[in-house]
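Summary of structural features
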Amino acid sequence: MNRPEPLKAMDAEHYKALPDAWITVRDDPEIRVAVITGAGERSFTTGADLKSFIPSLPSMADLMLTQQGQLLNRGLKVWKPIIGAVNGYCVGGGMTLLLATDIRVAADHATFGVAEVKRGVFPANGGAQRLTAQLPHAIAMEMLLTGDPIDAATAARWGLVNKVVPMSALIETAMDHARRIAANAPMAAQIAKELAIRSRDGTWPQGCVWNSLC
């Protein structure tokens, strides 16, 4: 993600580009793993650029087009493994995006937060649901209800990220994970991810049924 001036806050143009990127990852057989990060060293992404969206809010008719412009954290299913490399601020929509990845590496100066309540809104695109599913309840609720951020060490302690490394080692560490995954049978990796996610989002018997079908 490369919009450095507003800390990778994404305007409508960037939000339209993301689905195209994810569809390429999903459909290109040469791609086995994807790594997502932000340009530079300051920010992964801070989510939507509210200054660009508020003056021209979409109509209710546009909001009902739920299959249009689907994102990794909003409707689009990508079964290939996805690694997040967090290189700074990961807040708001950046957190909801990160929560839809599979493996996460963070630079030691990274910051994580869902500060929407401080702005009179709430985490969209599954942010609240994924946060409470992936973190201990009390920790997730503290983040959701106070809007206060946590640092990289705290994120690692609660299992939000797999590893914290110096910024200079961030991309190489993420790519090391990617290479190790890509060395495995690609279809087996994709099916393993799909089974894990479908089982998580459904009941245990449903997960077992999916396992037997695959």
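Up top is the structure.
Reference entry: report on the structure contained in this document. (Residues numbered from 1 in each chain as written. Predicted model: local features only at pLDDT ≥ 70, side-chain atom pairs only at ≥ 80, totals over all residues. Heavy atoms only, no water.)

A closer look at the pattern of salt bridges
Taken as a whole and assessed by the stated rule, the structure comprises 6 salt bridges. With a closest N to O distance of 2.8 Å, Asp-102 and Lys-193 form a salt bridge. Here the residue Asp-102 occupies a position in the loop between α4 (93–98) and β5 (103–107), and Lys-193 occupies one in helix α9 (residues 186–201), the gap between them amounting to 91 residues. Accessibility expressed as a relative area gives 30% for Asp-102, which makes it partly exposed. The salt bridge involving Arg-179 is made with Glu-172; its shortest N-O contact spans 2.4 Å. Its relative accessible area of 43% is what places Arg-179 among the partly exposed residues. (Salt bridge = Lys/Arg side-chain N within 4 Å of Asp/Glu carboxyl O. Helix = DSSP H or I, 4+ residues; strand = E, 2+ residues; numbered from the N terminus. Buried < 20%, exposed > 50% of the residue type's maximum accessible area, 1.4 Å probe, protein only.)

Things to note about the environment of Glu-194
Within the secondary structure layout, Glu-194 lies in helix α9. For Glu-194, a relative accessible area of 16% puts it in the buried group. Expressed as a C-alpha distance, the spacing of Glu-194 and Lys-80, which sit 114 residues apart in the sequence, is 8.6 Å.

Thoughts on the sheet that holds strand β2 (residues 43–45)
If you walk across this open sheet you meet the 4 strands as β2-β4-β6-β7, and the pairing is mixed. The sheet is open, and its two borders are formed by β2 and β7 (150–151), each paired with just one other strand. With 2 bridges joining them, β2 and strand β4 (residues 89–91) adopt parallel strand pairing. Paired with Ser-43 across the two strands is Tyr-89, which belongs to β4. (Pairing = 2+ DSSP bridges.)

Focus: the nonpolar core
By size, the foremost hydrophobic cluster in this structure holds 30 residues, and its most contacted members are Trp-22, Val-86, Met-95, Phe-112, Leu-131 and Leu-160. Contributions of two or more residues to this core are made by α1 (12–27), β1 (34–37), β3 (82–86), α4, α6 (137–146) and α7 (152–157). Counting residues in each nonpolar core, the second largest holds 10 residues, with Val-33, Ile-83, Ala-178 and Ile-181 among its members. (Core = buried A, V, L, I, M, F, W, Y, C linked by side-chain atoms within 4.5 Å.)

Just distances and angles here, no functional claims.
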